[in-house]
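Listed below are the residues making up each chain.
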Amino acid sequence: MAAGKEIRNKIQSVKNTQKITKAMEMVAASKMRKAQDRMRASRPYTNKIHEIVGHMAYAHTEYKHPFLNARVKKRVGYIVVSSDKGLCGGLNVNLFKLAVSDMKKNMDQNVGIDLALCGRKAVSFFKRIGGNVLANVNHLGDEPKLEELIGVLKVMIDAYNTDQIDRLYIVQNSFVNTMTQKPEIIQLLPVARGEDMSLNYHWDYIYEPDSKGLIDATLQRYLESLLYQAVVENISCEMAARMVAMKSATDNATEVINRLQLAYNKERQASITQELSEIVAGAAAV
Amino acid sequence: MASNPTLQVDIVSAEKLLYSGVAEMVVAPAVNGQIGILPRHAQLITHLLPGEVRVTVPDEEQPISIYVSGGILEVQPNHVTVLSDTAVRAKDLDEAAALEARKKAEEAISNKHSDIDLAQAQSMLAESIAQLNMIRKRKSK
């Protein structure tokens with residue numbers, strides 16, 4: 001019964017793995033709910049400020065903020081928002097694939113690239129394939145704080161202000177639903193015009209109290225809230241992706257156990273039959 | 001009434017969407033004084049002080065009253081957006097908490113050695129006073 005014991009051991013080990021994946025699935029499910037609440041809470045603010053800044057890009061403002069002026073594209077910056085941990089299906093891989101294909105397009109036009117990275121997966125990925133990393137931040141945990149992200153953002157804003165980069169993009173996962181997460185590239189700087197074409201005429205705001213302070217504050221807020229939203233959304237995506245990945249791993253484990261169990265039973269039956277026939281043959285010989 | 005022009009109003013805080021709908025008029029505490037916005041107002045953008053945003057809704061007698069802790073207000077001809085750090089519906093304001101906050105802020109201002117710095121304490125004081133004013137006004141109605 002040597003083979004039988006081997007199969008039994010194997011079944012046990014798959015069962016142990018299954019316990020782990022099952023636990024991870026449940027943890028991810030409960031974290032996902034919290035992450036989703038957080039994401040939904042800040043979404044309206046982010047959408048609205050994005051809208052306002054989109055309007056601002058149409059306005060012929062008396063104070064020309066560099067964020068509103070498009071320069072010739074010589075060098076671009078990307079902020080890549082990934083997760084810290086793996087075991088979440090193809091989430092990070094799909095994101096990096098999109099980022100790399102976009103970067104390649106830029107490199108073909110002789111446009112240089114600078115990177116800022118959020119999350120350990122992005123850090124290790126770009127360490128492997130190379131790239132000029134200006135800043136990174138990891139270990140944001142499940143409840144990221146805006147203060148932790150400001151450093152990365154500041155590095156990129158400074159790079160933009162000193163003409164080192166002429167565009168700033170953010171590469172992020174956007175949460176569609178539990179089953180689907182879509183990697184996206186959004187242009188942060190210079191501010192892209194909103195979709196409302198009716199604003200395409202010569203107008204300017206009335207400012208209270210002054211244009212510089214207001215535009216500065218609004219644009220700063222805009223960048224902060226978009227980056228924060230990207231990070232919060234990424235956590236929701238990560239948890240959802242992990243939950244789905246662990247669910248399928250648990251299901252696969254069940255299937256493997258069933259197959260092994262069948263093999264074990266067959267083996268057991270065969271050895272019993274063999275023993276019986278040996279006994280019968282022995283008895284007949286006497 | 002129904003033929004009156006209206007504007008779309010969205011009031012959001014960092015935590016949630018507080019109000020989204022049509023209105024006949026919006027009154028908000030801008031830095032240079034209260035401003036009232038009617039439909040077809042010229043584009044305007046301003047900082048807000050802590051205080052009350054009143055939204056006059058068609059076919060409703062009482063305007064909707066929302067407390068904001070400051071933020072940004074943007075006006076497009078038929079669209080008003082209020083971006084606030086914190087915003088609370090007037091009826092959800094907590095008088096005890098506001099009184100407590102005012103006491104703390106006043107203490108911090110008079111006591112130089114507290115861990116809260118002066119600017120922060122002053123903004124806390126302004127916020128709590130604005131909240132208390134709103135609560136008082138609501139009660140006296």
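Residue numbers here run from 1 along each chain, matching the order of that chain's written sequence. The lettering of chains begins at A and the numbering of ligands begins at 1, in the order of writing. In keeping with the model being predicted, local features are shown solely for residues with a pLDDT of at least 70 and side-chain atom pairs are shown and tallied solely at 80 or more, while totals for entire chains, interfaces and linings include all residues. Side-chain metrics in this entry use all non-hydrogen atoms of the structure; hydrogen atoms and water are not considered.

A.B. asks: Give me the overall build of chain B: which residues, what numbers.
C.D. replies: Looking only at helices and strands, one finds two helices and ten strands in chain B. A principal-axis box enclosing the C-alpha atoms of chain B has dimensions of 60 × 30 × 25 Å. Accessible area is worked out with a 1.4 Å probe on protein chains only. A residue is then buried under 20% of its type maximum, exposed over 50%, and partly exposed in between. Going through the 141 residues of chain B one by one, you find that 45% of them count as buried. The method behind every accessible area is Shrake-Rupley, applied with a 1.4 Å probe, and residues are considered shielded solely by the protein chains displayed. Carbon and sulfur atoms provide 52% of the accessible area of chain B, an area that totals close to 7300 Å². The positive count covers Lys and Arg only, the negative count covers Asp and Glu only, and His and the chain ends enter neither. Working definition for charges: the position is that of NZ of Lys, CZ of Arg, CG of Asp or CD of Glu. Computing the positive centroid from 14 side-chain charges and the negative centroid from 18, chain B places the two 5 Å apart. The helix count covers DSSP runs of H or I at least four residues long, the strand count covers runs of E at least two residues long, and both are numbered beginning at the N terminus.

A.B. asks: Lay out the pattern of salt bridges in plain terms, naming residues and giving numbers.
C.D. replies: In the sections that follow, a salt bridge refers to a side-chain nitrogen of Lys or Arg positioned within 4 Å of a carboxyl oxygen of Asp or Glu. This model, assessed by the stated rule, comprises 17 salt bridges over all chains. Of the charged contacts, one joins lysine 48 of chain A and glutamate 51 of chain A as a salt bridge, the two residues approaching to 3.4 Å between their closest N and O atoms. Of this pair, lysine 48 of chain A and glutamate 51 of chain A both sit in helix H1 (residues 2-58), three residues apart, which is roughly one turn of the helix. Here aspartate 166 of chain A makes a salt bridge to arginine 71 of chain A, at a shortest N to O gap of 3.2 Å. On the criterion of sequence distance, the pair formed by aspartate 166 of chain A in the loop between helix H4 (146-161) and strand E4 (167-175) and arginine 71 of chain A in the loop between H1 and strand E1 (75-81) is long-range, its members being 95 residues apart. Each of Lys48 and Glu51 of chain A together with Asp10 of chain B takes part in one network of salt bridges that share partners.

A.B. asks: Could you give an account of the packing of helix H1 (residues 95-110) of chain B against helix H2 (residues 118-140) of chain B, naming the residues involved and the relevant values?
C.D. replies: All names here are of chain B. Geometry is summarised by axes, namely lines fitted to C-alpha atoms with helices restricted to the contacting stretch, and by angles between N-to-C directions that run from 0 to 180 degrees. Put simply, H1 and H2 touch, their axes get as near as 8 Å, and they point 150° apart. Viewed along their axes, H1 and H2 adopt a mutual orientation that is roughly antiparallel. Here the hand of the crossing between H1 and H2 comes out left-handed. Across the interface between the two elements, Glu95, Ala98, Leu99, Ala101, Arg102, Lys104, Ala105, Glu106, Ala108 and Ile109 from H1 touch Leu118, Ala121, Gln122, Met124, Leu125, Ser128, Ile129, Gln131, Leu132, Ile135 and Lys139 from H2. Residue polarity follows a fixed list, in which Ala, Val, Leu, Ile, Met, Phe, Trp, Tyr, Cys and Pro are nonpolar, Asp, Glu, Lys and Arg are charged, and the others, Gly among them, are polar. Class assignment of the residues belonging to the contact of H1 with H2 gives a composition of 13 nonpolar, three polar and five charged. Each angle receives one of four descriptions, namely roughly parallel if under 35 degrees, roughly antiparallel if over 145, roughly perpendicular if within 65 to 115, and oblique otherwise. Note on convention: near helix rotated counterclockwise from far helix by under a right angle means a left-handed crossing. Clockwise means right-handed. Residues count as neighbours in contact if any of their non-hydrogen atoms are within 4.5 Å of one another.

A.B. asks: An account of the packing of aromatic side chains is requested, with residue identities and associated values reported.
C.D. replies: All names here are of chain A. Put simply, two rings from Phe, Tyr or Trp (the six-membered ring, in Trp's case) pair if the centres are within 6.5 Å, and we call them stacked under 30 degrees between planes, edge-to-face over 60, tilted for the rest. Here the structure, examined in full by the defined rule, presents seven aromatic pairs over all chains. Where phenylalanine 96 meets phenylalanine 126, the ring centres are 5.9 Å apart and the plane angle is 75°; that geometry is what we call edge-to-face. Linking phenylalanine 96 in helix H2 (residues 91-108) with phenylalanine 126 in helix H3 (residues 120-129), this pair joins segments that are 30 residues apart in sequence. Take phenylalanine 96: its relative accessible area is 6%, and that puts it in the buried class.

A.B. asks: Let's hear about the interface of chain A and chain B: which residues, and what values?
C.D. replies: Contact with chain A, which involves 24 residues of that partner, is made by 26 residues of chain B. Put simply, buried area is how much 1.4 Å-probe accessible surface two parts lose in total, over both of them, once they are put together. Both sides together, the interface formed by chain A and chain B hides about 2100 Å², and carbon and sulfur atoms give 66% of it. When the buried surface of chain A facing chain B is broken down by residue, Tyr45, Lys48 and Glu208 of chain A rank first, second and third, together holding 30% of it. Inspection of the region where chain A meets chain B yields two salt bridges.

A.B. asks: A description of the packing of H4 of chain A against helix H5 (residues 211-285) of chain A should follow, citing residues and the corresponding values.
C.D. replies: Residues and elements named next belong to chain A. Between H4 and H5, whose axes approach to 10 Å, the crossing angle comes to 120°. Here H5 runs oblique to H4, going by the angle between their axes. In terms of crossing hand, the pair formed by H4 and H5 is right-handed. Residues Leu146, Leu149, Ile150, Leu153 and Ile157 of H4 pack against Gln220, Leu223, Glu224, Leu227, Tyr228 and Val231 of H5. Partitioning the contact of H4 with H5 into residue classes produces nine nonpolar, one polar and one charged.

A.B. asks: Tell me about a positive patch on the surface, residues and numbers included.
C.D. replies: Here, patches come from residues exposed beyond 30% relative accessible area and free of salt bridges, joined within 9 Å for like charges and within 5 Å for nonpolar side chains (Val, Leu, Ile, Met, Phe, Trp, Tyr). A contiguous patch of positive charge on the surface is contributed by Lys85, Arg120, Lys121 and Arg128 of chain A. Under the relative-accessibility criterion, arginine 120 of chain A is labelled partly exposed at 40%.

A.B. asks: Describe in detail the domain arrangement of chain B, supporting the description with residues and values.
C.D. replies: Residue and element names in this part refer to chain B. Either an automatic procedure or a domain database provided the assignment from which the domain bounds are taken. Domain annotation of chain B identifies domain 1 (7-89) and domain 2 (93-140). Each of domain 1 and domain 2 was reduced to a C-alpha centroid, and the two centroids are 23 Å apart. Contacts between the two partners involve ten residues from domain 1, matched on the other side by seven residues from domain 2. On the domain 1 side of the interface with domain 2, the three residues burying the most area are Pro50, Glu52 and Tyr67, jointly 65% of the side's total. Remark: the boundary between domain 1 and domain 2 carries zero salt bridges. Within 3.5 Å is the distance limit for a polar contact, defined as a pair of N or O atoms, with the added protein rule that one can donate a hydrogen and the other accept it, and that residues adjacent in sequence qualify only through two side-chain atoms. At the boundary of domain 1 with domain 2, the tally comes to two residue pairs in polar contact (both at pLDDT 80 or more). Residues that form the side of domain 1 that touches domain 2 fall into these classes: four nonpolar, three polar and three charged.

A.B. asks: Lay out the side chain of serine 128 of chain B with the relevant residues and their values.
C.D. replies: When you line up the elements, serine 128 of chain B lands in helix H2. Within polar-contact distance, the side chain of serine 128 of chain B engages the backbone oxygen of leucine 125 of chain B at 3.0 Å.

A.B. asks: Give me the lowdown on H4 of chain A, citing residues and values where you can.
C.D. replies: Given 3.6 residues per turn, any residue in an α-helix points the same way as the ones three and four places further on. Residue and element names in this part refer to chain A. For H4, which comprises 16 residues, the first-to-last C-alpha distance of 21 Å matches the rise-based estimate of 22 Å (1.5 Å per residue) to within 8%. Two axes enter the definition of the bend at a residue: one is fitted to the seven residues ending there, the other to the seven starting there, and the bend is the angle between them. Most pronounced at valine 152, the bend in H4 amounts to some 25°. Those residues of H4 not exposed but buried are Leu149, Val152, Leu153, Met156, Ile157, Ala159 and Tyr160. Check the buried side of H4 and you find it contacts E1, strand E2 (112-118), strand E3 (132-137), E4, strand E5 (181-189) and H5. Aspartate 163, located one to two residues past H4, shows a positive phi value of around 65°. Helix span, expected: 1.5 Å multiplied by one less than the number of residues in the helix.

A.B. asks: Explain the side chain of arginine 242 of chain A to me, and be specific about the residues and the numbers.
C.D. replies: All names here are of chain A. Looking at the secondary structure, you find arginine 242 in helix H5. At 2.8 Å, the side chain of arginine 242 forms a polar contact with the backbone oxygen of glycine 86. Sequence-distant contacts of arginine 242, that is, excluding residues within four places in its chain, are made with Met24, Ala28, Lys85, Gly86, Leu87 and Cys88.

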